[in-house]
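# Examining the three-dimensional arrangement
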Amino acid sequence: MKVLEVQHVKKAFDGPDILKDVSLSVESGDVIAILGPSGSGKTTFLRCINFLEKADEGTMWFAGKTYQLPRITRRDISAIRMRTGFVFQNYNLFRNKTALQNVTEGLIVARHMDREEAEQIALEQLRRVDMIDRKDHFPSQLSGGQQQRVAIARAMATDPEIIYFDEPTSALDPELIGEVLSVMRDLASQGMTMVVVTHEMSFARNVSNRAILMEDGVIVEEAPTSEFFNNPKADRTKAFLRMLSSYNEG
């Protein structure tokens, strides 16, 4: 079942186009890995479809409705965000709130949920990411990996139809990356629909079911993961994978 479709997304920032014409369709249960060199437009695309940036052109189909991205209203953005989650590179936790409060905040403020119900949901999600024993800790008392797991719990607490991950391990020390990827693998195994901008090739190869290479504001290649890695069609994809293989061997 289709969860999301965006077509012909374009975006420029006072200069050359960052996104030239990007389209994506997401089915329920998909784990889509978006790969590519820095500056290829991956993060901008993710931010445009979650309205953290305003697309210059493009349409979105979500939850039975079609939206024109440049003209979407605040009310429509709010309604879409109520059914999606977003995990940032740098956690974006409230520094003056505990892990538990970070997860309950959106439920209480945006969804007007009573505190007791919000805390029950937050405790359940913190347990899922193995952070229940740190529920009363502030972000400054947590490692980067622990903060990111709280951020994932916050995204899951809203029972989203899809979660966007914007390079969720890029700000982490190498020894902390595994704990975050483990949580994401668990989510994928439970059927969570995910679109993940990542440099983690092991996650892309072993967890995603579709992989995309972006460069220079366009999708170079999109294919089922096994085909993408084992039998890429585009010369640029072949070169990208060779470069990564050489880097990892080195």
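Look up: the structure comes first, before these words.
Residues numbered from 1 in each chain as written. Predicted model: local features only at pLDDT ≥ 70, side-chain atom pairs only at ≥ 80, totals over all residues. Heavy atoms only, no water.

## Quick word on the packing of aromatic side chains
Note the cut-off: Classification of ring pairs uses Phe, Tyr and Trp, with its six-membered ring standing for Trp, and accepts pairs whose centres are within 6.5 Å; under 30 degrees between planes counts as stacked, over 60 as edge-to-face, and the remaining range as tilted. In this description a helix means any DSSP run of H or I spanning at least four residues, a strand means any run of E spanning at least two, and both kinds are numbered starting from the N terminus. When accessible area is computed with a 1.4 Å probe and restricted to protein chains, residues below 20% of their type maximum are described as buried, those above 50% as exposed, and intermediate ones as partly exposed. Whether a charge lies above a ring is judged from NZ of Lys or CZ of Arg, which has to be within 6 Å of the ring centre and within 35 degrees of the ring normal.
The full count for this structure, using the stated rule, is 3 aromatic pairs. Measuring from centroid to centroid gives 6.3 Å for F86 and Y164, while their planes differ by 55 degrees, and the two rings are tilted. With F86 in strand β6 (residues 84–87) and Y164 in strand β7 (residues 162–166), this residue pair connects regions lying 78 residues apart in the sequence. The exposure classification of F86 matches that of Y164, with both residues buried. These aromatic residues form a ring-pair network of at least three members: F86, F88 and Y164. The ring of W61 carries K2 above its face, with NZ or CZ at 4.7 Å from the centroid.

## Here we look at the packing of helix α5 (residues 144–156) against helix α6 (residues 174–189)
Applied cut-off: To get an axis, a line is fitted to the C-alpha atoms, and for a helix only the part in contact is used. The angle between two axes follows their N-to-C directions and goes from 0 to 180 degrees. An angle below 35 degrees is treated as roughly parallel, one above 145 as roughly antiparallel, one from 65 to 115 as roughly perpendicular, and anything else as oblique. Take the far helix as the reference: if the near one is turned anticlockwise from it by less than a right angle, the crossing is left-handed, and if turned clockwise, right-handed. A contact between two residues is defined here by any heavy atoms of the two lying within 4.5 Å. Residue polarity follows a fixed list, in which Ala, Val, Leu, Ile, Met, Phe, Trp, Tyr, Cys and Pro are nonpolar, Asp, Glu, Lys and Arg are charged, and the others, Gly among them, are polar.
At their nearest, the axes of α5 and α6 sit 8 Å apart, and the two run at 20 degrees to each other. The angle between α5 and α6 falls in the class roughly parallel. At the point where α5 passes α6, the crossing takes the right-handed sense. The residues of α6 that touch α5, namely those facing G144, G145, Q146, Q148, R149, I152 and M156, are L176, E179, V180, V183, M184 and L187. By residue class, the composition of the contact of α5 with α6 is 7 nonpolar, 4 polar and 2 charged.

## What to know about the sheet that holds strand β9 (residues 210–215)
Selection criterion: A pair of strands is considered paired only if DSSP assigns at least 2 bridges between the two.
Read from one edge to the other, the open sheet built from 6 strands follows the order β6-β7-β8-β3-β9-β10, with strand pairing classed as mixed. A single partner strand is all that each edge strand has here, and the edge strands are β6 and β10 (218–224). Sheet twist, expressed as the mean angle between neighbouring strand axes with direction ignored, is 15 degrees. Pairing of strand β3 (residues 31–35) with strand β8 (residues 194–197) involves 4 bridges; the strand directions are parallel. Residue pairing in the sheet places A33 in a bridge with V196 of β8. Where helix α1 (residues 42–49) meets the sheet, its contacts fall on β3, β6, β7, β8 and β9, and the angle it forms with β7 comes to roughly 145 degrees. Contacting β3, β7 and β8, α6 runs over the sheet at an angle of about 150 degrees to β8.

## Regarding the side chain of K11
The cut-off we apply is this: A residue counts as positive if it is Lys or Arg and as negative if it is Asp or Glu; His and the chain ends are not included. By definition, a salt bridge exists where a carboxyl oxygen of Asp or Glu is found within 4 Å of a side-chain nitrogen of Lys or Arg. Definition of a polar contact: a pair of N or O atoms within 3.5 Å, with one able to donate and the other able to accept a hydrogen when the atoms are protein atoms, and with sequence-neighbouring residues admitted only if both atoms are side-chain atoms.
Of note, K11 is situated in strand β1 (residues 2–12). No salt bridge is formed by the buried K11; its nearest oppositely charged neighbour, D56, is found at 4.1 Å. From its side chain, K11 meets the backbone oxygen of K54 in a polar contact 2.7 Å long. Sequence-distant contacts of K11, defined by excluding residues within four places in its chain, comprise D17, I18, L19, T44, C48, E53, K54, A55 and D56.

## Quick look at helix α3 (residues 99–109)
Among the residues of α3, A99, L100, N102, V103, T104 and L107 are the ones counted as buried. Where α3 is buried, its residues contact α4 (115–128) and α5.

## Some remarks on the nonpolar core
Selection rule: The nonpolar core is taken to be a set of buried Ala, Val, Leu, Ile, Met, Phe, Trp, Tyr and Cys residues, with the residues joined through side-chain atoms within 4.5 Å.
Of all hydrophobic cores here, the largest spans 38 residues; its most connected members are V150, I152, F165, M184, M194 and F203. Broken down by secondary-structure element, the contributors of at least two residues to this core are α3, α4, α5, β7, α6 and β8. Residue contributions to this core peak at 8 residues, all from α6. Those residues in contact with F203, other than ones at most four positions away along the chain, are V31, L181, M184, R185, M194, V196 and S208. In this structure, I32, I49, F88 and I162 belong to the second largest nonpolar core, which totals 31 residues.

## Concerning the environment of D235
Along the chain, D235 turns up in helix α9 (residues 235–249). For D235, a relative accessible area of 60% translates into the label exposed. Taking the C-alpha atoms as reference points, D235 and E124, separated by 111 residues in sequence, lie 46 Å from one another.

## Some remarks on a negative patch on the surface
Rules: Residues forming no salt bridge and having over 30% relative accessible area are the ones grouped into patches, like charges within 9 Å of each other and nonpolar side chains (Val, Leu, Ile, Met, Phe, Trp, Tyr) within 5 Å. A 1.4 Å probe and the Shrake-Rupley method give the accessible areas. Residues count as covered only by the protein chains that appear here. Here the site of a charge means atom NZ of a Lys, CZ of an Arg, CG of an Asp or CD of a Glu.
A contiguous patch of negative charge, built from D114, E116, E117 and E119, is present on the exposed surface. Looking at the secondary structure, you find E117 in helix α4.

## Comments concerning unusual backbone geometry
Phi at A63 takes a positive value of approximately 55 degrees, unusual for a residue other than glycine. Tracing the backbone through its elements, the reader meets A63 in the loop between β4 (57–62) and β5 (65–68). Backbone geometry at H112 places phi at a positive 55 degrees, although glycine is not the residue there. Mapped onto the elements, H112 comes out in the loop between α3 and α4.

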